[in-house]
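The chain contents come next:
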Amino acid sequence: MNEIEQYEFDRVGYIVIPNFLTEQELKTLSAAIDALEEHALAQADRPPDKISAFGLKYRHDAERGYFATGAREQGKTLIIEDFFNADPTFDTLIDHAPTMAYVNAIIQERPTINNCEIRIRYPGNQTGSHMGGPVSRKHRYYYTSRGIDCMMARMVYFVHDVSPGQGEFCVVPASHKSNVASPYEGANPDTEPGMIGLPVKAGDAILFTENLRHGGLTNRSNQTRKTLHVGYGPFWMKSQNHSTMDEEPYILPGTFARLNAAQRLLFRAHRTLLEHGGNA
Ligand SMILES: O=C(O)CCC(=O)C(=O)O
């Protein structure tokens, strides 16, 4: 993370990183997302196995190790949490050197992955505005004598272009430093004062602090928006996926077995790592 990126991240709470994924990563990740979308949709009519604290109904695929919620319908979204279990193609994003260079610059304690989701936003869908201002400690942005120190930050990877009108990820710049909660009712990012959409190209990524007010503008196009979101925080933080909130990270033994030591460390505190036979 260079000096300008650090300055901008601190100043506005996010940065857009152009050309972050290689052509090969783009191709394989995109195909893996499409395949997992179809797998999850094939079970869309099953009754839910789990209801999150926020009332979201999840279908759990125990074999592939993911939790899915939503449907392929106008205005809806499909979210697939813990996608790392489902396909080794995604392993490329675990201990991904370019990503870790950023994560290590903005989280001062040893970072771990505490949430991961594939977000598939069908035409008409929007993601309501959330966060910004005085959020819970788990989501806070700090600047200390050691520099930027995020409790939770997310990298969003884009596998296709998202142009204006195509459901851009959106932010209220600098709202991570606001001392006052957003007074605007309805959480509609399309109309919220200060909210801006961030158009991107395939292969770009956006890094942001969860303290920042953000969401997703309405997808007014015929293109379904597909993104990969990976969240990081200090190692003591438990899962922040909605389906497994504050439980141990949900990693299948088979997933853990195929990871190398550095990758395993991103899912476990050292003590638990040893319990699972890790050697880091
Ligand atoms: O991309 C979106 O539509 C919103 C994503 C979001 O809220 C997040 O990654 O925390």
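The shown structure was predicted, so the numbers you read here are calculated from the model rather than taken from an experiment. (Residues numbered from 1 in each chain as written. Predicted model: local features only at pLDDT ≥ 70, side-chain atom pairs only at ≥ 80, totals over all residues. Heavy atoms only, no water.)

Caption draft 1: Local environment of helix α2 (residues 23–41). Taking 1.5 Å of rise per residue, the 19 residues of α2 would be expected to cover 27 Å, and the 27 Å separating its terminal C-alpha atoms lies within 8% of that figure. Buried within α2 are the following residues: Glu25, Leu26, Leu29, Ala32, Ile33, Leu36, Glu37, Ala40 and Leu41. Down the axis of α2, the sector holding all buried residues measures 155°, keeping them to one side. Those residues of α2 that are exposed and aimed more than 90 degrees away from the buried face are Glu23 and Lys27. (Helix = DSSP H or I, 4+ residues; strand = E, 2+ residues; numbered from the N terminus. Expected span 1.5 Å × (residues − 1). Buried < 20%, exposed > 50% of the residue type's maximum accessible area, 1.4 Å probe, protein only. Arc of directions from axis to C-beta.)

Caption draft 2: Structural detail: the environment of Val16. Assignment of secondary structure puts Val16 in strand β1 (residues 14–17). Among the residues examined, Val16 registers a relative accessible area of 33% and is labelled partly exposed. Taking the C-alpha atoms as reference points, Val16 and Asn125, separated by 109 residues in sequence, lie 22 Å from one another. Discounting chain neighbours no more than four positions away, the residues touching Val16 are Leu198, Val200, Ala205 and Ile206. (Contact = heavy atoms within 4.5 Å.)

Caption draft 3: Just the packing of aromatic side chains, in detail. On inspection of all chains with the given rule, the structure shows nine aromatic pairs. Plain terms: the ring middles of Phe20 and Tyr157 are 6.3 Å apart, the flat faces sit at 20° to each other, and that makes the pair stacked. Residue Phe20 is found in the loop between β1 and α2, and its partner Tyr157 is found in strand β10 (residues 153–158); the two are separated by 137 residues along the sequence. One exposure class covers both Phe20 and Tyr157, and it is buried. A ring pair is formed by Phe67 and Tyr250, whose centres lie 5.4 Å apart and whose planes are at 65°; its orientation type is edge-to-face. Taken together, the positions of Phe67 in strand β4 (residues 66–70) and Tyr250 in the loop between β15 (225–234) and α4 (253–258) put the pair 183 residues apart, joining distant regions of the chain. Summarising the burial analysis for this pair, Phe67 and Tyr250 share the class buried. (Phe/Tyr/Trp six-rings, centres within 6.5 Å; stacked < 30°, edge-to-face > 60°.)

Caption draft 4: Expanded view of the sheet that holds strand β14 (residues 214–216). Here we have four strands laid out as an open sheet, ordered β7-β14-β11-β12, and antiparallel in their pairing. Strands with a single pairing partner mark the edges of an open sheet, and in this sheet they are β7 (127–130) and β12 (196–197). For strand β11 (residues 169–171) and β12, the ladder comprises two bridges, and the chain directions are antiparallel. Paired with Val171 across the bridge in β12 is Ile196. (Pairing = 2+ DSSP bridges.)

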